[in-house]
Amino acid sequence: MSRSPRPSARRSAAVAPLALAARLLQETLRFQQPPDALLADAFRGPQRVGPRLRQAVGDALYAALRDLPRWHALTTALQGQGSAPLDVARCRIQPGWCDSVIRLAWPDAALPALAEADASAAAEVGDWQARARAVHLTPVPDTVRLGLPDWLIERLRSAVGPEIDALAAALRRPAPLDLRVNALRAKRPAVLAELQAAGLPAEATPHAPWGIRLPARVPLQGLEAYARGAIEVQDEGSQLIAALVGARRGETVADFCAGGGGKTLALGADMRDTGRLYAFDTVARRLDALPARARRAGLTQVHPMAIAHERDERLQRLAGKIDRVLVDAPCSGLGTLRRHPELMWRHTPATVAELAALQQRILAAAAALVRPGGRLVYATCSLLVEENEAVADAFTTALRGDFVRLDAQAPLADARVDDPASVVEDGALRLWPHRHGTDGFFAVAWQRRG
């Protein structure tokens, strides 16, 4: 006699893609977990969901987040609600709002996978999108045209002026996959040739001397270059920040806000696995994977340390002894909207102001570790002046000449960065997605007087 399937098996076999994507959108907008973590959780376990459908659900979720004001405007128009402004906290709990947004945002390229799984759902998407094409949004508010909150549009327009349209378009495009060749394991030309021989459209990044770019994500675990530690995932802009630090053989270096350790690994490669490299963070779990990553990269001098706060007493023994300190400060992350579009809805002017105050405290504490003649680098993945130039200027003023600001062009040239002048504004490393094809980054360097 055949056994009936267990209840859990029956539940896992019936995946409703539209409902799942809508639920993930709603959970993303609660800002408890990022969408990539929610997607991983949703597909964990014995579920009968093929890779094409998983990719389709993820693509639909990110498409919804990248152009949320437009989908909201179309939803309210189709539901006869006029042009109600987008209020994420309110909209995400409205019956049917997330479902409508997902139907409208579902990408054409993801429709075949949806049709295979649920033909009626694909027809439903087609019907909603046909109705939406008949809606004419006039006038089109800037937030709908640019896909950004009003407060963020105001700040970005003040920074880039008429380039705001190009910047907004760049932020809505999915990011490519940037890799850093581990100089301890390989050289870039050899890895490029290896990846191209494997059929991947890999090319050298335009500025970072160890960077390789792929137009889209690929499963790196299947690549031999990844298995032997020859490559790491790292945006070209992040690689340039590590280059600005200029870590050398035999030095003592600290990555003050190490997180997962991407820049730590780059610094270790620059040091040729000599000296001593500290990786500090106030959240211990962020450092959990770093020892294994360091081993794969061939690094033995990385010392992760979870600290209670930026003035942890254990840091006092290092005061004035570190050759180079990198402060990759906690920030809004608004330079990474290509990868994390939900952040534009998570943050407000108030949260940015709170972050700027924290950044100033962290920078001041980290500066105490730098030895006379040593280098301090402050960096963010933010586009906002409040988190970037304003924090750097306040630090320079407060220190009354104890730290001398460096023009970033010279250290970047020393690190063999191509055309450093094109990535430097007013002496600081300043990267924009629409100009440089990277995430948005800012970094400034000082030297401590002897």
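Residues numbered from 1 in each chain as written. Predicted model: local features only at pLDDT ≥ 70, side-chain atom pairs only at ≥ 80, totals over all residues. Heavy atoms only, no water.

Digging into the overall build of the protein chain
Operational definition: Secondary structure is summarised from DSSP: a helix means a run of H or I of at least four residues, a strand means a run of E of at least two, and numbering begins at the N terminus for each. Restricting the calculation to C-alpha atoms gives the radius of gyration, and the globule rule supplies 2.2 Å times the number of residues raised to the power 0.38. Exposed residues in this analysis have more than 50% of their type's maximum accessible area, buried residues have under 20%, and partly exposed residues fall in between, with area computed by a 1.4 Å probe over protein chains only. The criterion used for residue contact is that any of the two residues' heavy atoms lie within 4.5 Å. Accessible surface area values rest on a Shrake-Rupley calculation with a 1.4 Å probe, where residue burial reflects the displayed protein chains alone. Under the counting rule used here, the positive set is Lys and Arg, the negative set is Asp and Glu, and His together with the chain ends is not counted. The location of each charge is read from NZ of Lys, CZ of Arg, CG of Asp or CD of Glu.
A count of helical and extended segments in the protein chain gives 22 helices and 13 strands. At 24 Å, the protein chain has a C-alpha radius of gyration in line with the 22 Å of a compact globule built from 450 residues. Taken along its principal axes, the extent of the C-alpha atoms in the protein chain is 70 × 60 × 40 Å. Split into buried and exposed, the 450 residues of the protein chain put 51% on the buried side. In the protein chain, 72% of the contacts between residues at least 6 apart in sequence involve partners at least 24 apart. Here the protein chain has roughly 19,800 Å² of accessible surface; of this, 53% comes from carbon and sulfur atoms. For the protein chain, the distance from the average site of its 57 positive side-chain charges to the average site of its 49 negative ones is 5 Å.

With respect to the side chain of Glu-232
Counted only if it meets this: In the analysis that follows, any N or O atom pair within 3.5 Å is treated as a polar contact, provided that within protein one partner can donate a hydrogen and the other can accept it, and provided that, for residues neighboring in sequence, both atoms belong to side chains.
For Glu-232, the position within the fold is in strand 4 (residues 231-233). Within polar-contact distance, the side chain of Glu-232 engages the side chain of Arg-296 at 2.5 Å. Once you skip the residues sitting within four places of it in the chain, Glu-232 turns out to touch Asp-178, Leu-179, Arg-180, Leu-265, Arg-293 and Arg-296.

Regarding the nonpolar core
Test applied: Side-chain atoms within 4.5 Å are what join buried Ala, Val, Leu, Ile, Met, Phe, Trp, Tyr and Cys residues into a set we call a nonpolar core.
If you look at the biggest cluster of nonpolar residues, it comprises 62 residues, and the most contacted ones within it are Leu-25, Val-57, Trp-106, Leu-148, Leu-152 and Leu-156. No other element matches helix 4 (residues 51-66), which puts 9 residues into this core. Setting aside anything within four residues of it in sequence, one finds Trp-106 in contact with Pro-17, Leu-18, Ala-21, Ala-56, Val-57, Ala-60, Leu-111, Leu-114, Val-125 and Gln-129. If you look at the next biggest cluster of nonpolar residues, it comprises 37 residues, including Ala-247, Ala-266, Leu-299 and Ala-379.

Looking at the packing of aromatic side chains
Any aromatic ring pair is given by two values, namely how distant the centres are and how the planes are angled relative to each other. Going by this rule: Here the aromatic set is Phe, Tyr and Trp, taking the six-membered ring for Trp, and pairing holds for ring centres within 6.5 Å; pairs whose planes are under 30 degrees apart are stacked, those over 60 apart are edge-to-face, and all others are tilted. Criterion for a charge above a ring: Arg CZ or Lys NZ at most 6 Å from the ring centre, at most 35 degrees from the ring normal.
The tally for this structure, following the rule as stated, stands at 4 aromatic pairs. Taking 5.6 Å as the distance between ring centres and 15 degrees as the angle between the ring planes, the aromatic pair formed by Tyr-278 and Phe-280 counts as stacked. On the accessibility criterion, Tyr-278 (5% relative accessible area) is buried. Through a chain of ring-to-ring contacts, the aromatic side chains of Phe-256, Tyr-278 and Phe-280 assemble into a single cluster. A cation sits over an aromatic face here: Arg-131 above Trp-128, 5.0 Å from the ring centre. Here Arg-296 stacks its cationic end above the ring of Tyr-226, 4.0 Å away from the centre of that ring.

Looking at empty space enclosed by the protein
For clarity, the threshold we go by: Here a cavity denotes grid points, spaced 1 Å and computed from the protein atoms alone, that fit a 1.4 Å probe unable to get out, and a pocket denotes an open set having protein on both sides within 12 Å along at least 5 of 7 lines; residues with an atom within 4 Å of a point are the lining. Grid points are joined across faces, edges and corners, and a volume is the space filled by probe spheres set on the points. Under the convention adopted here, Pro, Cys and the residues Ala, Val, Leu, Ile, Met, Phe, Trp and Tyr are nonpolar, Asp, Glu, Lys and Arg are charged, and Gly plus all remaining residues are polar.
One pass over the structure, following the stated rule, counts 1 cavity of 30 Å³ or more. Estimates place the volume of the largest cavity at around 30 Å³. Taken together, the residues of the lining of the largest cavity break down into 4 nonpolar, 3 polar and 1 charged.

Regarding the state of the cysteines
This is how the line gets drawn: Any pair of cysteine sulfurs within 2.5 Å is marked as a disulfide.
Scanning the model with the defined rule gives 0 disulfides in all. The cysteine Cys-331 is free of any disulfide, with Cys-381 supplying the nearest cysteine sulfur at 3.5 Å.

What to know about the pattern of salt bridges
Our working rule: A pairing counts as a salt bridge when a side-chain nitrogen of Lys or Arg comes within 4 Å of a carboxyl oxygen of Asp or Glu.
Per the stated rule, a full pass over the model turns up 30 salt bridges. Arg-405 serves as the salt-bridge partner of Asp-393, at 3.6 Å between the closest nitrogen and oxygen. One end of the pair, Asp-393, is in helix 20 (residues 389-398); the other, Arg-405, is in strand 10 (residues 403-406), and 12 residues separate them in sequence. A relative accessible area of 30% places Arg-405 in the partly exposed class. Via salt bridges that share partners, Asp-142, Arg-145, Arg-157 and Asp-165 belong to a single interconnected network.

Some thoughts on the pairing of strand 3 (residues 211-214)
Heads up, the condition is: Any two strands with at least two DSSP bridges between them are considered paired.
Where burial is concerned, the two faces of strand 3 agree: the one with Gly-211 and Arg-213 and the one with Ile-212 and Leu-214 are both buried. The pairing of strand 1 (residues 177-181) with strand 3 spans 4 bridges and is antiparallel. Looking at the pairing, Arg-180 lines up with Gly-211 of strand 3. Here strand 2 (residues 203-204) runs beside strand 3; their pairing, made up of 2 bridges, is antiparallel. Counted as the bridge partner of Ala-204 is Ile-212 from strand 3.

Thoughts on the confidence of the model for the protein chain
This is how it is decided: pLDDT runs from 0 to 100 and stands for how confident the predictor is about each residue.
Confidence in the prediction of the protein chain, expressed as mean pLDDT, is 93, and 96% of residues score 70 or more. Every residue in residues 1-13 is under pLDDT 50, and counting partners more than four places away or in other chains gives 5 contacts.

Some thoughts on the environment of Ala-254
Along the chain, the position of Ala-254 falls in strand 5 (residues 252-255). Taking the relative accessible area as the measure of exposure, Ala-254 reaches 0% and is therefore buried. Not counting residues up to four positions away in its chain, the partners in contact with Ala-254 are Tyr-278, Phe-280, Ile-322, Arg-324, Val-325 and Leu-326.

Describing a positive patch on the surface
Counted only if it meets this: Residues enter patches when they are more than 30% accessible in relative terms and free of salt bridges; like-charged ones are connected within 9 Å and nonpolar ones (Val, Leu, Ile, Met, Phe, Trp, Tyr) within 5 Å.
Together, Lys-187, Arg-249, Arg-272 and Arg-416 give the surface a local cluster of positive charge. Position of Lys-187 among the secondary structure elements: in the loop between strand 1 and helix 13 (188-197).

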